Amino acid sequence: MNIADFITELYCKIDDIPQHPQGVLSLSEVVTIGTLYAMKYVSRRAFYHWLKDNYGHLFPKLPDRTRLFRRLEAKSDWTGCFLAQPTLLGVADSYGIELGHPIRQGRRFHQIGKKGKSNHRWIVGGKLCVVLNKFGLITDWDCATANVHDQTFLPLLDNYDGQMVVLTDTGFQRAKGVPANVKLCRRGEWNVRMIVETTFSMLTIV
């Protein structure tokens, strides 16, 4: 399947959202472009030029770059519709996202990442914490800078108290205890937790 056919099929799967009477792009087109942007994982400028130069004929009313991304930001809360439903058993873990080499820390005035440890090495960037259901689908997520401890994400897990038992590693342990629905697993226990590594490996490829 070529990319044009993929975009068409993606649009057809999304095309059940009503059109706003004053909208230049239909909401279905907005969601399709937003999904493509998340999958493409490049800068806004590079994505816009790629979309306009190669597939502009699929979006004849494509606005200019700044207007398009303001529209995407206004609908960013719609991403919650793609989250999976919680199940009785779930898994949570954090993933370090490197935005720069540690030796370059502080060289940029607008640096958004912080220096911290992830997977036993130093990075400058952020941390993504995901909560997966038993099927390996993302139920919820949160992010922070790389210098925070995994304990920072415990309130996210506490939101599922009474809905889901969440398996984590001992990195989430804290002195005053963890939420009642969180089960800390030592190395070699509950190897079903490795399903989260499959999810992270997909993120690494993206």
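For the structure, check the block above.
> Describe the overall build of the protein chain, with residues and values.
Of regular secondary structure, the protein chain possesses 6 helices and 6 strands. Per-residue burial for the protein chain yields a buried fraction of 35% across its 206 residues. For the protein chain, the exposed area adds up to about 13100 Å²; of that, 55% sits on carbon and sulfur atoms.

> Let's hear about the layout of surface pockets: which residues, and what values?
One way to see where empty space is left: roll a probe the size of a water molecule over the atoms. As a volume, the second largest pocket reaches approximately 800 Å³. For the lining of the second largest pocket, the secondary-structure elements that each account for two or more residues are strand E1 (89–100), strand E2 (114–118) and helix H6 (195–205). Of all the elements, E1 adds the most residues to the lining of the second largest pocket, at 4 residues. Grouping the constituent residues of the lining of the second largest pocket by class yields 5 nonpolar, 10 polar and 9 charged.

> Pulling in residues and values, what's your account of empty space enclosed by the protein?
Within this structure, the stated rule accounts for 1 cavity of 30 Å³ or more. What lines the largest cavity is Val-91, Ala-92, Asp-93, Leu-167, Thr-168, Asp-169, Arg-193, Met-194 and Val-196. Elements with a minimum of two residues in the lining of the largest cavity: E1 and strand E5 (165–169). Residues that form the lining of the largest cavity fall into these classes: 5 nonpolar, 1 polar and 3 charged.

> I'd love a proper account of helix H4 (residues 65–74), names of residues and values included.
Buried within H4 we find Leu-68, Phe-69 and Leu-72. The buried residues of H4 occupy an angular sector of 90° when projected down its axis, which confines them to one face. On its buried face, H4 sits against helix H2 (27–40) and helix H3 (44–55).

> A description of the environment of Leu-157 should follow, citing residues and the corresponding values.
Within the secondary structure, Leu-157 is located in helix H5 (residues 154–158). In contact with Leu-157, other than residues within four places in its own chain, are Ala-92, Val-131, Val-166, Thr-168, Phe-172, Asn-181 and Val-182.

> Explain the packing of H2 against H3 to me, and be specific about the residues and the numbers.
The interhelical angle for the contact between H2 and H3, taken along N-to-C directions, is 120°, at an axis separation of 11 Å. Classified by the angle their axes make, H2 and H3 are oblique. Classified by chirality, the crossing of H3 by H2 is right-handed. Residue-level contacts link Ile-33, Leu-36, Tyr-37 and Lys-40 of H2 to Arg-44, Phe-47, Trp-50 and Leu-51 of H3.

> Which residues make up the packing of aromatic side chains, and what values do they have?
Per the stated rule, a full pass over the model turns up 6 aromatic pairs. When the centroid spacing of 4.9 Å and the interplanar angle of 25° are considered together, the rings of Tyr-95 and Phe-200 count as stacked. With Tyr-95 in strand E1 and Phe-200 in helix H6, the pair connects residues that are 105 residues apart, well separated along the chain. Here the two residues Tyr-95 and Phe-200 agree in accessibility, since each one is buried. By way of ring pairs, the aromatic residues Tyr-37, Phe-47, Trp-50, Tyr-55 and Phe-69 are connected into one cluster. The positively charged end of Lys-115 is found above the aromatic ring belonging to Trp-122, 5.4 Å away from the centroid.

The rules we used
- Residues numbered from 1 in each chain as written.
- Predicted model: local features only at pLDDT ≥ 70, side-chain atom pairs only at ≥ 80, totals over all residues.
- Heavy atoms only, no water.
- Helix = DSSP H or I, 4+ residues; strand = E, 2+ residues; numbered from the N terminus.
- Buried < 20%, exposed > 50% of the residue type's maximum accessible area, 1.4 Å probe, protein only.
- Areas by Shrake-Rupley, 256 points an atom, 1.4 Å probe, with all protein chains shown as cover.
- 1 Å grid on protein atoms, 1.4 Å probe; cavity = no way out; pocket = protein on both sides within 12 Å on 5 of 7 lines; lining within 4 Å.
- Points joined across faces, edges and corners; volume = space filled by probe spheres on them.
- Nonpolar A, V, L, I, M, F, W, Y, C, P; charged D, E, K, R; others polar.
- Arc of directions from axis to C-beta.
- Contact = heavy atoms within 4.5 Å.
- Axes fitted to C-alpha atoms, helices over the stretch in contact; angles between N-to-C directions.
- Parallel < 35°, antiparallel > 145°, perpendicular 65-115°, else oblique.
- Left-handed = near helix turned anticlockwise from the far one by under 90°.
- Phe/Tyr/Trp six-rings, centres within 6.5 Å; stacked < 30°, edge-to-face > 60°.
- Lys NZ or Arg CZ within 6 Å of the ring centre and 35° of its normal.

Worth remembering: the numbers are spatial, not functional.
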